[in-house]
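Now for the letters of each chain:
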Amino acid sequence: MSSLTFARSAFPDGFTFGAATSAYQIEGHAHGGAGPTHWDSFAATPGNVVRAEDGARACDHYHRWESDLDLIRDAGFDSYRFSTSWARVLPEGRGAPNPEGLDFYDRLVDGMLERGIKPFATLYHWELPQPLADLGGWRNRDIADWFADFTTLIMGRIGDRVHAAAPINEPWCVGWLSHFMGLHAPGLRDIRATARAMHHVLLAHGRSIQAMRALGMDNLGAVMNFEYPFPADDSPEAAQAARTYDGYYNRWFLSGVLKKGYPADVLAGLGPHMPTGWQDDFDTIATPVDWLGVNYYTCKRIAPRPDQPWPHLEEVPGPLPKTAMDWEIYPDGLHHFLTWIHREFDSGLPIYVTENGMASYDELQDGAVPDPARIDYLNSHLGAVQRAIADGVPVAGYFIWSLMDNYEWALGYEKRFGLVHVDFDTLERTPKASWHALAKALRA
Ligand code: IFM
């Protein structure tokens, strides 16, 4: 199928359609006086990143932001979800700001407004300034203060014009993926570091929300990622393993922010490693937000590993068709999370799908880039959103990851998530068939 099957009229009035990116993945970190980050160190360490690629040049969005914003406008998007690089604004993480960095985000936000695009800002999308990583990064409780100060600085500059803001993208990746699995910077595999990062990331979230409220900002949210965990077989042990996975992936962060507590089944593993006094932080962590952001891509198959320490599980391959990330395509999972979050947490908050999309093996062919699998993926996941809305979930918008091909972290530049193809030699942008299909559907 080469066209999108939805029409704007099938979604509620005011429903926002957007594209998403993040700073380190597109900007070109070498430009504009940004300081070193833990991702630069991680990528410079052999074996961490495919071909040891880093974000030094990325898509050179730092210089091409105007034409990139034109692509967002011309596709008919209402909103753009971007992130601010902490190390670009504060090269040391604290102390003296980089005026060029502040100016860059100022211009970028004005550029969105000039084009009629609503700015949805994320303050932190993973590029921790290296000097703060040297002090322990997310393991150090002081990161909540550092992040609150960064929040006040960057939002003191652009907060009057952003439409919506969220402090931290995907706390599971900041905590678990980076400190337990070692797959993202700082590349640790350490349960004690994990427990601390899983808590401090939420403390920093709460402090950041408070800092933005103090600036008079509203429309503030929390963006988390979710994966649907299937037990690998019919055994009670596999059901328990999937439940544990669900706990530290899907329930930990939402429970902290909306229920002022952590799930007991996850504390069974992380409890002994938690920082002193963590129980007293929930008033900060649960500082009220105005919306929730759901990032959703896939499901996982979870098998028990009783021979291993907690969490006693491992991921195994599943049978569904897969994306270029080897991620199974399971749109029902998106419907599940939208309805589950709405009912289980009963917050009444609007929910945005803040990321959804797929990587595919897209190639330029005579000046065009056919990506029919992406169009199918968007159709099926937008269908899941429509079903959730019909079931009474207040879904307020849908953002596609990503505007353009970019730096896919430890997988370098070879995983293409974009609606727009990027030639990483020439940096030329070519809208893919999915971009054209969206332009047709959104402009109709
Ligand atoms: O590229 C990432 C993004 O930085 C965060 N969410 C998932 C995307 C695809 O892996």
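Check the entry above for the structure.
The following refers to the structure shown. Think of each chain on its own: its residues are numbered from 1, step by step along the sequence as written. In keeping with the predicted nature of the model, local features appear solely for residues at pLDDT of at least 70, side-chain atom pairs appear and are counted solely at 80 or more, and the whole-chain, interface and lining totals rest on all residues. Calculation of side-chain values draws on the structure's entire complement of heavy atoms; hydrogens and water are dropped beforehand.

By definition, any uninterrupted DSSP run of H or I lasting at least four residues is a helix, any uninterrupted run of E lasting at least two residues is a strand, and each is numbered from the N terminus. Each helix should span, by expectation, one fewer than its residue count multiplied by 1.5 Å. Relative to the 27 Å expected for 19 residues at 1.5 Å per residue, helix 14 (residues 372-390) spans 27 Å between its end C-alpha atoms, a close match to the ideal helical length. We call a residue buried when its accessible area falls under 20% of the maximum for its residue type, exposed when it is over 50%, and partly exposed in between, using a 1.4 Å probe and counting protein chains only. Within helix 14, the full set of buried residues consists of Arg374, Ile375, Tyr377, Leu378, Asn379, His381, Leu382, Gly383, Ala384, Val385 and Ala388. In what follows, residue pairs with any heavy atoms lying within 4.5 Å of each other are defined as contacts. Those residues of helix 14 hidden inside the fold are in contact with strand 1 (16-20), strand 6 (291-304), helix 13 (331-345), strand 8 (351-355), strand 9 (395-401) and helix 15 (433-443). Looking one or two residues past helix 14, Gly392 carries a phi angle of roughly 100 degrees, positive in sign.

When two rings of Phe, Tyr or Trp (its six-membered ring) have centres within 6.5 Å they constitute a pair, described as stacked for plane angles under 30 degrees, edge-to-face for angles over 60, and tilted for the intermediate range. Under the criterion given, the structure shown has 50 aromatic pairs. With centroids separated by 6.2 Å and ring planes inclined at 85 degrees, the aromatic side chains of Trp278 and Phe282 adopt a geometry described as edge-to-face. Given a relative accessible area of 7%, Phe282 falls into the buried group. The criterion is that NZ of a Lys, or CZ of an Arg, lies within 6 Å of the ring centre and within 35 degrees of the ring normal, and then a charge sits over that ring. The residue whose ring lies beneath Arg88 is Phe104, and the NZ or CZ to ring-centre distance is 5.7 Å. Its guanidinium or amino end placed over the ring of Phe345, Lys259 lies 4.8 Å from that ring's centre, counting from NZ or CZ.

Its place among the elements puts Thr339 in helix 13. Judged by its relative accessible area of 9%, Thr339 is buried. Not counting the four nearest positions on each side in its chain, Thr339 is found in contact with Ala388, Asp391 and Val393.

Attention now goes to the site of the ligand. What surrounds the ligand is the set Gln25, His125, Trp126, Asn169, Glu170, Tyr297, Trp327, Glu355, Trp401, Glu408, Trp409 and Phe417. N or O atoms closer than or at 3.5 Å make up a polar contact, with two conditions inside protein: a donor-capable atom paired with an acceptor-capable one, and, for residues adjacent in sequence, both atoms drawn from side chains. A distance of 3.3 Å is found between an oxygen atom of the ligand and a side-chain nitrogen or oxygen belonging to Trp401. Accessible areas in this description were obtained via Shrake-Rupley with a 1.4 Å probe; residue shielding takes into account the shown protein chains only. Contact with the protein chains removes 95% of the 280 Å² of surface that the ligand exposes when unbound. Here a residue is near a molecule or strand as soon as one of its heavy atoms is found within 4 Å of it.

Its place among the elements puts Pro167 in strand 4 (residues 164-168). You can call Pro167 buried: its relative accessible area is 1%. A sequence separation of 54 residues divides Pro167 from Gly221, and the C-alpha atoms of the two residues are 7.6 Å apart. Contacts of Pro167, omitting those with residues within four sequence positions, involve Thr122, Leu123, Tyr124, Phe147, His205, Ser208, Ile209, Met212 and Gly221.

Moving on, we come to the side chain of Glu227. Of note, Glu227 is situated in strand 5 (residues 221-231). Side chain to side chain, Glu227 and Tyr249 meet in a polar contact 3.2 Å long. Within polar-contact distance, the side chain of Glu227 engages the side chain of Lys300 at 3.1 Å. Sequence-distant contacts of Glu227, that is, excluding residues within four places in its chain, are made with Tyr245, Tyr249, Asn250, Thr298, Lys300 and Phe337.

For the rest of this paragraph, the subject is the pairing of strand 2 (residues 79-83). Burial of strand 2 is extensive: five of the five residues sit out of reach of the surface. Here strand 2 shows a buried face lined by Ser79, Arg81 and Ser83 and a second buried face lined by Tyr80 and Phe82. Examined bridge by bridge, strand 1 and strand 2 share three bridges and lie parallel to one another. When the sheet's bridge partners are listed, Ala19 is paired in strand 2 with Tyr80. The pairing of strand 2 with strand 3 (residues 118-124) spans five bridges and is parallel. The residue bridging Ser79 from the neighbouring strand is Lys118, located in strand 3. Following DSSP output, two strands are said to pair if at least two bridges run between them.

A separate point is the packing of helix 5 (residues 99-114) against helix 7 (residues 143-158). Structural elements are reduced to axes, namely lines fitted to C-alpha atoms, with helices fitted over the stretch in contact, and the angle between N-to-C directions of any two is expressed from 0 to 180 degrees. One can describe the packing of helix 5 onto helix 7 by two numbers: an axis separation of 9 Å at closest approach and a directional angle of 40 degrees. Taken together, helix 5 and helix 7 sit at an angle that is classed as oblique. As for the relative orientation of helix 5 and helix 7, their crossing is right-handed in sense. In contact with Leu102, Asp103, Tyr105, Asp106 and Val109 of helix 5, helix 7 contributes Leu153, Ile154, Arg157 and Ile158. Angle categories are assigned with fixed cut-offs, so that under 35 degrees is roughly parallel, over 145 is roughly antiparallel, 65 to 115 is roughly perpendicular, and the rest are oblique. Less than a right angle of anticlockwise turn of the near helix away from the far helix marks a crossing as left-handed, whereas a clockwise turn marks it as right-handed.

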